[in-house]
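Given next are the chains, with one letter for each unit.
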There are 6 protein chains.
Amino acid sequence: MPNKAIYAGSFDPITYGHIDLIKRALKIFDKVVVAVADNTSKEELFTIKERVALIKKSTADLKKVEVDSFKGLAVDYVKSRGSRTIIRGIRMLSDFEYEFQMALTNRQLSKDVETMFLMPNESYSYLSSKLIKEAVSLGANVGSFVPPSVEKALRKKLLKK
Amino acid sequence: MPNKAIYAGSFDPITYGHIDLIKRALKIFDKVVVAVADNTSKEELFTIKERVALIKKSTADLKKVEVDSFKGLAVDYVKSRGSRTIIRGIRMLSDFEYEFQMALTNRQLSKDVETMFLMPNESYSYLSSKLIKEAVSLGANVGSFVPPSVEKALRKKLLKK
Amino acid sequence: MPNKAIYAGSFDPITYGHIDLIKRALKIFDKVVVAVADNTSKEELFTIKERVALIKKSTADLKKVEVDSFKGLAVDYVKSRGSRTIIRGIRMLSDFEYEFQMALTNRQLSKDVETMFLMPNESYSYLSSKLIKEAVSLGANVGSFVPPSVEKALRKKLLKK
Amino acid sequence: MPNKAIYAGSFDPITYGHIDLIKRALKIFDKVVVAVADNTSKEELFTIKERVALIKKSTADLKKVEVDSFKGLAVDYVKSRGSRTIIRGIRMLSDFEYEFQMALTNRQLSKDVETMFLMPNESYSYLSSKLIKEAVSLGANVGSFVPPSVEKALRKKLLKK
Amino acid sequence: MPNKAIYAGSFDPITYGHIDLIKRALKIFDKVVVAVADNTSKEELFTIKERVALIKKSTADLKKVEVDSFKGLAVDYVKSRGSRTIIRGIRMLSDFEYEFQMALTNRQLSKDVETMFLMPNESYSYLSSKLIKEAVSLGANVGSFVPPSVEKALRKKLLKK
Amino acid sequence: MPNKAIYAGSFDPITYGHIDLIKRALKIFDKVVVAVADNTSKEELFTIKERVALIKKSTADLKKVEVDSFKGLAVDYVKSRGSRTIIRGIRMLSDFEYEFQMALTNRQLSKDVETMFLMPNESYSYLSSKLIKEAVSLGANVGSFVPPSVEKALRKKLLKK
């Protein structure tokens, strides 16, 4: 059985919460593909190339992790990769409504793909890419939320403006 | 007693979840008016005329249903129609905060109008006009979420871009 | 169409929140039946007779209200009364999980009966028969939560022990 | 890698919601062990033997499912079985507080075991063993909630009293 | 001990709910500083000067209240004022996710500052600056939600367009 | 101004989460009184004397902390101590319904007392005295959840049975 899970999301940018989740998924699955959604309609801070590069750098020491990007429906990407499992992080403070609507809509779009929720470490339960971007733009040091390369990229993007 | 209920919303576009709710309301009320809010400040995909037309087509087989549009406050519209009841769908995944704020604000704006919540069938509990629009724009088939005429209209709007 | 709604619950005892809801339902329905569940397995403070009597006294000035009790399934009682509508109060602090499970289970048990949720006045949004009983047993004055006859009955039950 | 997941719970009794979840887990894992907690302090309707027997009968047609019971901590049982994954169902109406407290407490008790949440079919999102027991004791037909053998057992237990 | 609390927010515009909270905080603290976030990236209806002026007018009769504005991180402002306490209102209908993420992120940014939550009167539990603005633009009278000077300012801004 | 806060609860038994909250409150208040509710109707594991003793031992190194017990209404105790502030911990996984009902009921019972919510460290956000007791009775080591003296007391109570 091809025991491969897809961790799909926007990762704008990757945080220690995402990395914690990848490590947990690696305990269960033989391979984890981090798949960045290339959704041109959303307003992201980092380009798809930048996001993929930051994830690659941040997960360089993790074996059995692949970083990729995809266009279109997540369920189609999952099937194209020979997997049947989407991983999502569910935090104590998740937007359950959004997560559950996505999971159930995806199930309707493809009966073959299951969404599986994992909980990150509680120290990361409040991390939000959006709040981190706001904090950096207001001058905060976010070294405890994101890896050094990501913090550097955030400062470059947000403070040069 | 004029036993007429107003089902107000943006219906951008109407889904099977809305239609299920209309049918349930018809068990309780003699007449249900589906009232589309003509709120020029919101960014809707379909024009007010298009939304009204799609609802009319989707509810053509239901007797005792009227489709209308209104400008201004919902409570004023309700009173102008000789009704005192606003219907809203409440799903397991509803945005309760928004629904309750609306209901209580409406009550403050008019003591004569009550908001009544009904639950759609659980098969429609995760339907969201927003997610459906996203899914269509990514190439999904949404025939199990909306009537054929609505799916056709969605494809025309979203895929020709 | 027999426009009659059933407001089913344990009412142990009735509070100003319940009475507010009955008044709101009377704006929509021709008649409201307050139906006390005679569920011998639950541990209630007041007997079924006492609960019915307290509701009758508390709603004596409201026309078109009937007070009754029932055994067995609520949906069966609703149908036996020629109604098809169960009313439930939904407060900002409701136990949504319980309310929605009940409503959906009832729907499964009888397709003909709909549950309709109404919101009490926000001043009563935190009233809970359980907390009121606790407060009285600790010596509190609960005159702003329940009618005088109910407060008197609560003191008699809880403070004589 | 021993790709085996443990689905732990009280299953008092098993419902179609549990069975749906087992089937979903079988898409991801090579083997699923349904493990009934033998917790003498809880007041269960069915004995541990009865619960195991009802699950065995209800999952007889599913290959790669094992039914077992355990005493003590779930994480210790998971490790004793050579697994590292606990499965829990997460429904739109779950008691998130309880589920998350359990998952995080278990993580603290053993760093090697992960809890993974899956969503049952939305048709089962409101099923609750407790409500089903209540409904049967009030005379309801619960054939759409549990397999025939379970309904028969419920009637025997609850209606002979 | 300098017993001063900072009530930080966008106040666009101030409502009776905010004023109720300020009065409650004055029971606990010697001084309350209402601090308007001067966040140029957000789209506010009123300028920072207008918001400060409306708060000053609305709290003119309250002693020991200071109105100020700040740029940058809230925690840095709190420390610059010699305080260690941020006040936030928490309503039954709060966006808990946002409030808790903010509080925990702030704690990470400065270990010396605590966020303290107070509940406004339940009559104001549904007030939202956003809904009030919508209601005014649709022609509603919002005199029971905001002070007269604020309602006048809202009409001037929103109805002249 | 007597700047004293009352931290009321059942503390059955005290956990590291409670202790974290006491330390945070000490940053804001000159004195914190930990007040154990002596509610004979609740089924607690430890007697009121034992609970007070465990808190005293666990907070021995904290200055400006007093440990006490009380009977009757919390608001009456708060006033009898010359305070006007009740502290409650609010965790990401709190039972908001219960907390808010308590706070609003208390406010109704005494207009002079405010409830103030503080968040414990996120590492303690999932701690529950109930789950800890369950875990100990199943043989778990709970040294990361409670102080050594409390763990010893738990084992003595729960494992001798």
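All values reported here derive from a predicted model rather than from experimental measurement.

**Q** Teacher, can you tell me more about the overall build of chain A here?
**A** Along chain A, the regular secondary structure elements total six helices and five strands. By the compact-globule yardstick of 15 Å for 161 residues, chain A fits well, its C-alpha radius of gyration being 15 Å. Seen along its three principal axes, the alpha-carbon backbone of chain A occupies a region of about 45 × 30 × 30 Å. Here chain A, with 161 residues, has 60% of them falling under the buried criterion. Here chain A displays about 6600 Å² of accessible surface, and carbon together with sulfur accounts for 50% of that area. Side-chain charges in chain A split into 28 positive and 19 negative, and the spacing between the mean points of these groups amounts to 5 Å.

**Q** Quick question: what am I supposed to make of the environment of B:V142 here?
**A** Structurally, B:V142 can be placed in the loop between helix 5 (129-137) and helix 6 (148-159). Look past the residues within four positions of B:V142 in its chain and what remains in contact with it is B:I132, B:A135, B:V136, B:E151 and B:L154.

**Q** What is the right way to look at the interface of chain F and chain C in this model?
**A** By a widely used convention, the size of an interface equals the accessible area lost when the partners come together. With eleven residues of chain F in contact, the opposing surface of chain C contributes 15 residues. In this assembly, chain F packs against chain C so that about 1200 Å² is buried in total across both faces, 68% of it on carbon and sulfur atoms. On inspection of chain F and its partner chain C, the count reaches zero salt bridges. Viewed at the interface, chain C and chain F are joined by one residue pair in polar contact (both at pLDDT 80 or more). Split by residue class, the side of chain F that touches chain C holds six nonpolar, four polar and one charged.

**Q** What am I meant to see in the pattern of salt bridges here?
**A** When the charged atoms of two side chains lie near each other, side chains of opposite charge can form a pair. For the structure shown, the criterion picks out 72 salt bridges over all chains. A salt bridge links A:D12 to A:K133; its shortest N-O distance comes to 2.8 Å. With A:D12 in the loop between strand 1 (4-9) and helix 1 (16-28) and A:K133 in helix 5 (residues 129-137), this pair connects stretches of sequence that are 121 residues apart. Across the pair D:D38 and D:K71 runs a salt bridge, and its minimum N-O distance is 3.5 Å. A residue pair is termed long-range when its members are at least 10 positions apart, and D:D38 in the loop between strand 2 (31-37) and helix 2 (48-58) and D:K71 in the loop between strand 3 (65-70) and helix 3 (74-80) qualify at 33 residues. The exposure class assigned to D:K71 is exposed, which follows from its relative accessible area of 62%. Within the structure, one salt-bridge network assembled from shared partners comprises A:D20, A:R24, A:K27, D:R107 and D:E114.

**Q** How should the relation of the copies chain F and chain C be read in this particular structure?
**A** For these two chain copies, the linking operation is a rotation about an axis paired with a shift along it. Superposition record for chain F on chain C: RMSD 0.0 Å, screw rotation 120 degrees, translation along axis 0.0 Å. Overall, the copies show the geometry of a three-fold rotation axis.

**Q** Even after reading the chapter, I still don't get the relation of the copies chain B and chain C, so can you show me in this structure?
**A** Overlaying chain B on chain C yields an RMSD of 0.0 Å, the required transformation being a rotation through 180 degrees with an accompanying axial translation of 0.0 Å. On this basis, the relationship between the two copies can be described by a two-fold rotation axis. Among all residues of chain B, the one whose C-alpha sits closest to the rotation axis is B:F117, at a distance of 2.4 Å. Interface overlap between copies is the fraction of interface residues in one copy that are interface residues in the other; for chain B against chain C it reaches 100%, indicating a shared surface.

**Q** I would appreciate a short explanation of the packing of helix 2 (residues 48-58) of chain C against helix 6 (residues 148-159) of chain C in the present structure.
**A** Packed helix pairs are characterised by how far apart their axes lie and by the angle those axes make with each other. Residues and elements named next belong to chain C. As a packed pair, helix 2 and helix 6 sit with axes 9 Å apart at the nearest point and diverge in direction by 155 degrees. One finds that helix 2 runs roughly antiparallel with respect to helix 6. Of the residues in helix 6, those in contact with E50, L54, K57 and S58 of helix 2 are S149, V150, A153 and K157.

**Q** Explain the sheet that holds strand 4 (residues 85-89) of chain E here, please?
**A** Note on sheets: strands pair through backbone hydrogen bonds, and any given pair is parallel or antiparallel. The ten strands lie next to each other as 3(E)-2(E)-1(E)-4(E)-5(E)-5(F)-4(F)-1(F)-2(F)-3(F), forming an open sheet whose pairing is mixed. Whereas interior strands pair on both sides, the edge strands pair on one side only; in this sheet they are strand 3 (65-70) of chain E together with strand 3 (65-70) of chain F. Adjacent strand axes in the sheet meet at a mean angle of 35 degrees when their direction is disregarded. In the sheet, strand 1 (residues 4-9) of chain E pairs with strand 4 of chain E via two bridges, with the strands oriented parallel. Looking across to strand 4 of chain E, one finds that E:I6 is bridged to E:I86. Against the sheet, helix 2 (residues 48-58) of chain E makes contact with strand 2 (31-37) and strand 3 of chain E, and its axis sits at roughly 155 degrees relative to strand 2 of chain E, the strand it touches most.

**Q** Help me out: how do you make sense of the interface of chain B and chain C in this one?
**A** Residue-level contacts link 29 residues of chain B with 30 residues of chain C. When the two sides are added together, the surface that chain B and chain C hide from each other amounts to roughly 2600 Å², 63% of it contributed by carbon and sulfur. Inspection of the chain B/chain C interface yields four salt bridges. On inspection of chain B and its partner chain C, the count reaches eleven residue pairs in polar contact (both at pLDDT 80 or more). Looking at the side of chain B that touches chain C, the elements that each hand over two or more residues are helix 1 (16-28), helix 4 (96-109) and strand 5 (114-118) of chain B. With six residues, the top contributor of residues to the side of chain B that touches chain C is helix 4 of chain B. In terms of residue class, the side of chain B that touches chain C is made up of 15 nonpolar, five polar and nine charged. Sheet analysis places strand 5 of chain B next to strand 5 (residues 114-118) of chain C, joined by three bridges and oriented antiparallel. What sits directly across from B:M116, in strand 5 of chain C, is C:L118.

**Q** Would you mind going over the side chain of C:K133 with me for this structure?
**A** Since its relative accessible area comes to 19%, C:K133 is described here as buried. Those residues in contact with C:K133 that sit more than four places away from it in its chain are C:D12, C:L45, C:L154 and C:L158.

**Q** Where do I start with helix 6 of chain B in this structure?
**A** One turn of an α-helix holds 3.6 residues; hence residues three or four places apart share an orientation. Residue and element names in this part refer to chain B. With twelve residues, helix 6 extends 16 Å between its outermost C-alpha atoms, agreeing within 8% with the 16 Å of an ideal straight helix rising 1.5 Å per residue. Those residues of helix 6 not exposed but buried are V150, E151, A153, L154 and L158. An end-on view of helix 6 places all buried positions within 160 degrees of arc, on one side of the element. In helix 6, the exposed residues that point more than 90 degrees away from the buried face are P148, K152 and K156.

**Q** Looking at this model, I keep getting lost on the sheet that holds strand 2 of chain D. Mind explaining?
**A** Spatial ordering of the open sheet is given by 3(A)-2(A)-1(A)-4(A)-5(A)-5(D)-4(D)-1(D)-2(D)-3(D), a layout of ten strands whose pairing is mixed. Unpaired on one side and paired on the other, strand 3 (65-70) of chain A together with strand 3 of chain D mark the two borders of the sheet. Along the sheet, successive strands turn relative to each other by an average axial angle of 35 degrees, direction set aside. In this structure, strand 1 of chain A lies alongside strand 2 (residues 31-37) of chain A, joined through six bridges in parallel fashion.

**Q** Quick question: what am I supposed to make of the packing of aromatic side chains here?
**A** Summed over all chains, the structure comprises 18 aromatic pairs over all chains. Considering the side-chain rings of B:Y16 and B:Y124, the 6.3 Å spacing of their centres and the 35 degrees angle between planes classify their relative orientation as tilted. Here B:Y16, found in helix 1, pairs with B:Y124, found in the loop between strand 5 and helix 5; they are 108 residues apart in sequence, far enough to count as distant. For B:Y16, a relative accessible area of 24% translates into the label partly exposed. Aromatic side chains D:Y7 and D:F11 sit 5.1 Å apart centroid to centroid with 85 degrees between the ring planes, which places their arrangement in the edge-to-face category. By the burial criterion, D:Y7 is buried, and D:F11 matches it.

**Q** Before we go on, may I ask you to explain helix 2 (residues 48-58) of chain F in this structure?
**A** Residues and elements named next belong to chain F. When helix 2 is considered as a whole, its buried residues turn out to be I48, R51, V52, L54, I55 and S58. Buried positions in helix 2, seen along its axis, are confined to an arc of 165 degrees and lie on one side of it. Opposite its buried face, helix 2 presents the exposed residues K49 and K57, each directed more than 90 degrees away. The inward-facing, buried residues of helix 2 abut helix 1 (16-28), strand 2 (31-37), strand 3 and helix 6 (148-159).

The rules we used
Residues numbered from 1 in each chain as written. Chains lettered and ligands numbered in written order. Predicted model: local features only at pLDDT ≥ 70, side-chain atom pairs only at ≥ 80, totals over all residues. Heavy atoms only, no water. Helix = DSSP H or I, 4+ residues; strand = E, 2+ residues; numbered from the N terminus. Rg over C-alpha atoms; globule rule 2.2 N^0.38 Å. Buried < 20%, exposed > 50% of the residue type's maximum accessible area, 1.4 Å probe, protein only. Areas by Shrake-Rupley, 256 points an atom, 1.4 Å probe, with all protein chains shown as cover. Lys, Arg positive; Asp, Glu negative; His and termini not counted. Charge placed at Lys NZ, Arg CZ, Asp CG, Glu CD. Contact = heavy atoms within 4.5 Å. Buried area = accessible area lost by both parts, 1.4 Å probe. Salt bridge = Lys/Arg side-chain N within 4 Å of Asp/Glu carboxyl O. Polar contact = N/O pair within 3.5 Å; in protein donor to acceptor, adjacent residues only side chain to side chain. Nonpolar A, V, L, I, M, F, W, Y, C, P; charged D, E, K, R; others polar. Least-squares fit on C-alpha atoms with pLDDT ≥ 70 in both. Axes fitted to C-alpha atoms, helices over the stretch in contact; angles between N-to-C directions. Parallel < 35°, antiparallel > 145°, perpendicular 65-115°, else oblique. Pairing = 2+ DSSP bridges. Expected span 1.5 Å × (residues − 1). Arc of directions from axis to C-beta. Phe/Tyr/Trp six-rings, centres within 6.5 Å; stacked < 30°, edge-to-face > 60°.

So yeah, pure geometry; function would need other evidence.
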